[in-house]
Amino acid sequence: MSNDVKISIEDLTKVFYKKNNSVTAFKNVSLEVKEGEFVCLVGPSGCGKTTLLRILAGLEHPSSGQFTIAADSDFRPLQSMVFQEKGVIPWLTVEENVAFGLNMRHLPKEFIRKQTDIYLKKVGLRNFSKLYPNELSGGMKQRISIARAFANDPEILLMDEPFAALDEQNKFILQEELLSIWSETKKTVLFITHSIDEALLLSDRIVLMSAHPGKIVNEIKVPIPRPRTMEQVRANAEMAEQFIAIWNHLQQEVQRSRG
Amino acid sequence: MRDEKGNGLFDPYETEQQEWKKQQVKERSKQLLTIISPILILLIWEICSRTGILDIRFFPPPSAIVSTFFELATNGLLWTHVSVSLYRIAAGFLLGVIPGVVIGLLMGLYAPIRHFISPIVMALMPIPTLALLPIIIIFFGIGDFSKIVTIAGSVFFPVVINTVAGVLSIEKVHLDVAKNYGASPKDFFFKIAFPGALPVMLEGIQMGQAIALLTIVAAEMMGATSGIGYLIWTSYKAFMLKEMFVGLILISFFGFLFSLLLRGLQKKIVPWR
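These numbers were taken from a predicted model, which means no experiment stands behind them. (Residues numbered from 1 in each chain as written. Chains lettered and ligands numbered in written order. Predicted model: local features only at pLDDT ≥ 70, side-chain atom pairs only at ≥ 80, totals over all residues. Heavy atoms only, no water.)

When you go through chain A residue by residue, the secondary structure sums to 9 helices and 9 strands. Relative to the globule expectation of 18 Å for 259 residues, the C-alpha radius of gyration of chain A, 18 Å, shows essentially globular dimensions. Along the first, second and third principal axes, the C-alpha atoms of chain A reach 55 × 45 × 40 Å. Considering chain A as a whole, with its 259 residues, one finds that 51% of them fall into the buried category. Contacts spanning at least 24 positions in sequence make up 73% of the contacts within chain A whose residues lie at least 6 apart. (Helix = DSSP H or I, 4+ residues; strand = E, 2+ residues; numbered from the N terminus. Rg over C-alpha atoms; globule rule 2.2 N^0.38 Å. Buried < 20%, exposed > 50% of the residue type's maximum accessible area, 1.4 Å probe, protein only. Contact = heavy atoms within 4.5 Å.)

The partner chain B presents 20 residues to the 23 residues of chain A that form the contact. Interface area for chain A against chain B, summed over the two sides, is near 2000 Å², with a carbon-plus-sulfur share of 63%. Viewed at the interface, chain B and chain A are joined by 2 salt bridges. Ionic pairing is found between Arg54 of chain A and Asp176 of chain B, a salt bridge with its closest N-O pair at 2.8 Å. On the surface where chain A and chain B come into contact, there are 10 residue pairs in polar contact (both at pLDDT 80 or more). (Buried area = accessible area lost by both parts, 1.4 Å probe. Salt bridge = Lys/Arg side-chain N within 4 Å of Asp/Glu carboxyl O. Polar contact = N/O pair within 3.5 Å; in protein donor to acceptor, adjacent residues only side chain to side chain.)

The next point concerns the domain arrangement of chain B. Residues and elements named next belong to chain B. Each domain of chain B was delimited in the assignment, giving domain 1 (8–50) and domain 2 (62–269). Between domain 1 and domain 2, the C-alpha centre-to-centre distance is 36 Å. Both faces considered, domain 1 and domain 2 share a buried interface measuring about 360 Å² in area, 71% of it formed by carbon and sulfur atoms. Taken as a group, Leu42, Trp45 and Glu46 account for 89% of the area that domain 1 buries against domain 2, more than any other trio of residues on that side. Counting across the domain 1 and domain 2 interface gives 0 salt bridges. Linking domain 1 with domain 2 are 2 residue pairs in polar contact (both at pLDDT 80 or more). In the side of domain 1 that touches domain 2, the residues fall into 2 nonpolar, no polar and 2 charged. (Domains from an automatic or database assignment. Nonpolar A, V, L, I, M, F, W, Y, C, P; charged D, E, K, R; others polar.)

Residues and elements named next belong to chain B. On the surface, Leu95, Phe116, Ile120, Leu124, Ile127, Leu132, Ile135, Phe139, Phe140 and Phe145 cluster together into a nonpolar patch covering about 970 Å² of accessible area. Listed by contribution, the elements that provide at least two residues to the nonpolar patch are helix 4 (111–124) and helix 5 (133–140). Mapped onto the secondary structure, Phe116 falls in helix 4. Here Phe116 falls in the exposed class, since its relative accessible area comes to 63%. (Patch = residues over 30% accessible without salt bridge, like charges linked within 9 Å, V, L, I, M, F, W, Y side chains within 5 Å. Areas by Shrake-Rupley, 256 points an atom, 1.4 Å probe, with all protein chains shown as cover.)

Now for the sheet that holds strand 3 (residues 38–42) of chain A. Residues and elements named next belong to chain A. Read across the sheet, 6 strands follow the order 5-6-7-3-8-9 without closing on themselves; strand pairing throughout is mixed. Every other strand in the sheet has two partners, leaving strand 5 (79–82) and strand 9 (215–221) as the edge strands with one partner each. Each strand axis lies, on average, 20° off the axis of its neighbour in the sheet, ignoring direction. Of the pairings in the sheet, the one linking strand 3 to strand 8 (residues 205–210) comprises 4 bridges and is parallel in character. The residue bridging Cys40 from the neighbouring strand is Ile206, located in strand 8. The strands touched by helix 5 (residues 138–151) within the sheet are strand 5 and strand 6 (156–160), with strand 5 carrying the most contacts at an inclination of about 175°. (Pairing = 2+ DSSP bridges. Axes fitted to C-alpha atoms, helices over the stretch in contact; angles between N-to-C directions.)

With that out of the way, let us pick up the domain arrangement of chain A. Residue and element names in this part refer to chain A. Domain annotation for chain A reports domain 1 (1–78 + 155–244) and domain 2 (87–153). A C-alpha centroid distance of 24 Å is found between domain 1 and domain 2. Between domain 1 and domain 2, the contact holds 19 residues from the first and 15 residues from the second. Buried surface at the junction of domain 1 and domain 2, summed over both partners, amounts to about 1500 Å²; 66% is from carbon and sulfur atoms. The interface formed by domain 1 and domain 2 contains 4 salt bridges. The residue Asp153 makes a salt bridge to Lys187 at a minimum N-O spacing of 2.6 Å. Taken together, the elements giving at least two residues each to the side of domain 1 that touches domain 2 come down to strand 6 and helix 6 (168–185). No other element matches the 9 residues that helix 6 contributes to the side of domain 1 that touches domain 2. When grouped by side-chain class, the residues that make up the side of domain 1 that touches domain 2 number 12 nonpolar, 2 polar and 5 charged.

Time to look at the nonpolar core. In this structure, Phe100, Phe150, Leu178, Leu190 and Phe191 of chain A are the most contacted members of the largest nonpolar core, which totals 131 residues. A total of 13 residues in this core trace back to one element, the largest contributor, which is helix 8 (residues 185–223) of chain B. When residues no more than four places from it in sequence are discounted, the contact partners of Phe191 of chain A are Phe38, Val39, Cys40, Leu41, Met159, Pro162, Phe163, Leu178, Glu198 and Leu202 of chain A. Core analysis: the second largest hydrophobic core is formed by 6 residues, Val121, Phe156, Phe157 and Val164 of chain B among them. (Core = buried A, V, L, I, M, F, W, Y, C linked by side-chain atoms within 4.5 Å.)

The set of residues buried in helix 7 (residues 172–180) of chain B consists of Val173, His174, Asp176, Val177, Ala178 and Asn180 of chain B. Buried-residue contacts for helix 7 of chain B involve helix 1 (49–56), strand 5, helix 3 (100–104) and helix 5 of chain A together with helix 8 of chain B.

Pasting the structure below:
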């Protein structure tokens, strides 16, 4: 891992305004993510983590502050996002979905075909390439989403709780698959989750947020060597402590928002 | 003690097989019912008019209508009426559907266009196109084109409204995906808006097809010298009710045929459903 800063967020604030009534999604958020780093944003619902990600994804504008994503190559798009469960496009086949970003950039046909094939193979969907997503399970659909983002070969990847809707077994399988693809490409990833287990398994660093208004309250390094498995994470005593610390924080946040 | 499969009488596989067979019989009887109902109606009609329960002058028996159909078919007159009507329907249908789809997509995609055009659409929609026929004839004459315009006018509205609804029914996350992956306005139009709106749009086209048939008959009754509607109207005025029924049944037949064709087309062009 190099020490170059890949994503730099400075004093970002987002306010939603509606009829004399404004809600601050998050306030003065600053964060740096290094090249090749896998960072998980963990926080209670309402801490604005999804909004933060959507701003980085170019889907919303910040109210104040700025962010930069360092570009190594003019050829690559700055970012690609893996959406929550419904992100695959139902009227495109598996193959067309994976090729979507490349097609939108109107790259040479032959290149698109090769690149798509590589990632279809990586996520084990090669035999399903001509099917429509509705014929596939939830886990397979998320594999399409992941393949689409990696195939687009962006500077950074943004992931918005991609496994939240999956059952426990599928979730473990996909988390490990994600790690294996990620370790081959060493992309910079900003990943949102509310699952502490998921964050401990996947990330180099966990950024903890609190709600109303959302802000960053703590950062936790995850020093477990890679490649990791869920068993290792569970067996690690230090991580068990961390788990409880994060758990307590989230509990307090939830209690606070109720009271 | 029972063996693995249970003993004969309570064999679960056999029970399920029986159940499956029962289901199959049920399915087949449903199909049979669909075929039987029109035949039954025709049969009752035939019996009623032959026994004098129905006045044979107003309700000639189906068998007589069929023989009249063959008479008309062999002297060639029927085909000119049918082909003229089909040409008007096809041309009017296309002239209504294509602008309906294009304007509907633009309205669905771009809010300013939607807000600008929708009051015009809403104000014009309740006016029956047939009521505009006099004005249409003033503009386009009494030839084929005025009928084509009348049909186009009636087909346009359900298509445009359903196309807008179709675009608006596209899930927001798919629009986000397109935006995030850098879709150009052109790709957005053809790869997202059009296919995304297609299922609802096709329902509008299906509706437009039915309206086209309703419209053609009425338009040909009012100001035409050929076509199925003309055949129905002149036969009625000359009290040739067998000929009139031939016209009515032809309309029913084509309506049925077009519905089937469109439904088949729907399966072809919306394979992801």
